[in-house]
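Understanding the architecture of this molecule
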Amino acid sequence: MLFDPAPKDKREDFFDREEEIEKLKLLSSPITLILGLRRTGKSSLIKIALNELNRPFIYLDMRKFEEKRSINYKEFLIEVEREINKLSSKFSQLIEFLKRIEGVSIMGNQVRFKWQGNERLSFTSLLEALNDFNKDLIFIIDEAQELIKLRGIDLLPPLAYAFDNLKIKIVLSGSEMGLLYRFLRIEDPSSPLFGRAFLKIELKPFSREEAIEFLKRGFSQININFTEYDKVYEEIGGIPGWLTYFGYTYSHIRDLRKSLDETFSFAKRLIIHEFENFLADKGEARKRYLNIMRTVSASCSSWSKIKRELEAMEGITISDSIIYNYLKHLLDSSWIVKNDDVYCPSEPLIRKTFET
Ligand code: ADP
Ligand code: MG
């Protein structure tokens, strides 16, 4: 069912994106990047492809760390360990490959990793062991930009090593696209990953036509007569997750205005929560980030207008470099987008959240 609010794992419950599914399934590069705003269907795309490929995989969901300001190697390895144990309960021979590397202890049929001292697990060795175990393995890190908070280990050398020498495939998804690029430092000549050609799959929000088709198909699946497609697109926009929530809500309460309002208040709660996470390390500048979001939500604004507004609010001069820095952080984390020299909220419900 299209309007099921959980992430999808079957193609028949997923609207369109045929090309993207096929592209992902090809895994034609050692590292594939899946990019798209929150709730555009990245996790669903991954689950569907994994289901159809039927290859062994490790799936790490970094959303778990969204609220943390930093992640240490131990916390990261605990997540990996859990997934490895899931995999080894299906493929017991995996243990044999893990036994050979330093930093691994086996208790019964449970794998434990050492995260400290001389014999701590090297992530490169782990990837090598997985490669020896099964070259078809896929290693997925969902919302990988969270790894920018990882302390005490640099994952770029292992990723570069895997890119150059191993057959296993790595898939990284990211909602905060600039931040993911900042983590990978693909364009930085001193980065281990510099110059590698990644396969990129971008999930854009639905266009008006796609959004309408999505709603039509969803309502017809559940035999509901619905006609106000344009109104829904105008208020909600094309983010698949919000449209899904709307369809789901409407199917229960059968009232257009109430369903739109309920979708917006649900979205607003989530967006505010996510913005709080974004602000967590912004200290004194929190209020300014909020003011920028309010300014661009009232109407898309040029750099100089944003500067003027911020200065007027505080009655002081703020240096250009500081303003650039704020806008860069907001762009990197996909809160805003820049089109033709004006800055706008990245989607309508973000605009609406900060407008009110
Ligand atoms: P992301 O991982 O990008 O945040 P999810 O895969 O979690 O997105 O999807 C968010 C919500 O939107 C889920 O409820 C999912 O079922 C729904 N969804 C996203 N894309 C589609 C699509 N193409 N067809 C049907 N439902 C979708
Ligand atoms: Mg996701």
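The structure under discussion appears in the preceding block.
Note that the structure is predicted; figures quoted are calculated from it, not measured.

Description of the layout of surface pockets
Over the atoms, a rolled probe matching the size of one water molecule traces out where space is still vacant. The computed volume of the largest pocket comes to approximately 780 Å³. Only α2 (42-53), β2 (57-61), α10 (240-253) and α11 (256-279) provide two or more residues apiece to the lining of the largest pocket. Taken together, the residues of the lining of the largest pocket sort by class into 14 nonpolar, eight polar and 14 charged. There is about 520 Å³ of room inside the second largest pocket. If you go around the second largest pocket, you meet 27 residues; those closest to its centre are L37, P205, V337, S346 and E347. Put simply, the parts of the chain that give the lining of the second largest pocket at least two residues each are α7 (177-184), α14 (320-332), β11 (336-339), β12 (342-345) and α15 (348-355). Per-class residue counts for the lining of the second largest pocket are 15 nonpolar, seven polar and five charged.

With respect to the packing of aromatic side chains
Working definition: an aromatic ring pair is given by the centre-to-centre distance plus the angle between the planes. All told, the structure shown has 27 aromatic pairs when counted by the stated rule. Here F91 and F133 contribute two aromatic rings whose centre-to-centre distance is 5.8 Å and whose plane-to-plane angle is 65°, an arrangement assigned as edge-to-face. With a gap of 42 residues between them, F91 in the loop between α3 (73-90) and α4 (94-99) and F133 in helix α5 (residues 123-133) connect regions that are remote in the sequence. Owing to a relative accessible area of 22%, F91 belongs among the partly exposed residues under this scheme. Put simply, the rings of F3, F15, F206, F214, F219, F226, Y229, F246 and Y250 pair up and form one aromatic cluster.

Re helix α9 (residues 229-236)
For α9, the set of buried residues is Y229, V232, E235 and I236. All buried residues of α9 lie within an arc of 140° about the axis, which places them on one face of the element. On its buried face, α9 is in contact with α8 (208-221), α10, α11 and α15. G237, located one to two residues past α9, shows a positive phi value of around 85°.

Some thoughts on the sheet that holds β2
In space, the five strands of this open sheet follow the order β2-β6-β8-β1-β9, with parallel pairing throughout. Lying at the two open borders of the sheet, with one neighbouring strand each, are β2 and β9 (199-202). Adjacent strand axes in the sheet meet at a mean angle of 15° when their direction is disregarded. Pairing geometry for strand β1 (residues 31-35) and strand β8 (residues 169-174), over five bridges, is parallel. Residue pairing for β8: L33 is matched across the bridge by L172.

Comments concerning the environment of I212
Tracing the chain through its elements places I212 in helix α8. You can call I212 buried: its relative accessible area is 15%. The spacing of I212 and T227 is 15 residues in sequence and 9.8 Å in space, taken between C-alpha atoms. Beyond its immediate stretch of four places on either side in the chain, I212 contacts Y229 and D230.

Comments concerning the pattern of salt bridges
What the rule picks out here adds up to 36 salt bridges. The salt bridge involving D9 is made with K10; its shortest N-O contact spans 3.6 Å. Among the residues examined, D9 registers a relative accessible area of 34% and is labelled partly exposed. In this structure, D188 engages R185 in a salt bridge whose closest nitrogen and oxygen atoms are separated by 3.1 Å.

Re the site of ligand 1
Neighbouring ligand 1 are 23 residues, the closest being P5, K8, F15, K42 and S44. Contact distances for ligand 1 include 2.5 Å between an oxygen atom and a side-chain N or O atom of K8. Note that a nitrogen atom of ligand 1 is positioned 2.7 Å from one of the backbone N or O atoms of F15. Against a free-state accessible area of 560 Å², the protein chains account for coverage of 93% of ligand 1. Given that more than half its atoms are within 2 Å of the pocket grid, ligand 1 belongs to the largest pocket. Among the elements of the structure, α2 and α10 are those that each provide at least two residues to the shell around ligand 1.

Reading the values: rules and limits
Each chain has its residues counted from 1, following the order in which its sequence is written. The lettering of chains begins at A and the numbering of ligands begins at 1, in the order of writing. Reporting in this predicted model follows two pLDDT cut-offs: at least 70 for local features of residues, and 80 or more for side-chain atom pairs to be given and counted; totals over whole chains, interfaces and linings ignore these cut-offs and use all residues. With hydrogens and water excluded, all non-hydrogen atoms of the structure serve as input to the side-chain values. We place a 1 Å grid over just the protein atoms. Points where a 1.4 Å probe fits but has no way out form a cavity, open points with protein on both sides within 12 Å along at least 5 of 7 lines form a pocket, and any residue with an atom within 4 Å of a point lines it. Grid points are joined across faces, edges and corners, and a volume is the space filled by probe spheres set on the points. Only DSSP runs of H or I covering at least 4 residues are called helices, and only runs of E covering at least 2 are called strands; the numbering of each starts at the N terminus. Three residue categories are used. Nonpolar comprises Ala, Val, Leu, Ile, Met, Phe, Trp, Tyr, Cys and Pro, charged comprises Asp, Glu, Lys and Arg, and polar comprises the others, including Gly. Think of it this way: a Phe, Tyr or Trp ring, Trp meaning its six-membered ring, pairs with another when their centres are within 6.5 Å, and the plane angle makes it stacked under 30 degrees, edge-to-face over 60, tilted otherwise. Here's how the labels work: a residue is buried when its accessible area is under 20% of the maximum for its type, exposed when over 50%, partly exposed in between, all with a 1.4 Å probe on protein chains only. To be clear, the arc concerns the directions from the helix axis to the C-beta atoms. Only heavy atoms enter the contact rule, under which two residues are in contact if any of them lie within 4.5 Å. Strand pairing follows a simple DSSP-based rule, namely that at least 2 bridges must link the two strands. Only C-alpha atoms enter the line fits that serve as axes; for helices the fit covers just the stretch in contact. Angles between N-to-C directions range over 0 to 180 degrees. Should a side-chain nitrogen of Lys or Arg be within 4 Å of a carboxyl oxygen of Asp or Glu, the pair is scored as a salt bridge. Only heavy atoms are used to decide nearness, and a residue is near a molecule or strand if one of them lies within 4 Å of it. Within 3.5 Å is the distance limit for a polar contact, defined as a pair of N or O atoms, with the added protein rule that one can donate a hydrogen and the other accept it, and that residues adjacent in sequence qualify only through two side-chain atoms. To be clear on the numbers: accessible area is Shrake-Rupley with a 1.4 Å probe, and residue cover counts the displayed protein chains and nothing else. For a cavity or pocket, the test is whether more than half of a molecule's atoms lie within 2 Å of its grid points; if they do, the molecule sits there.

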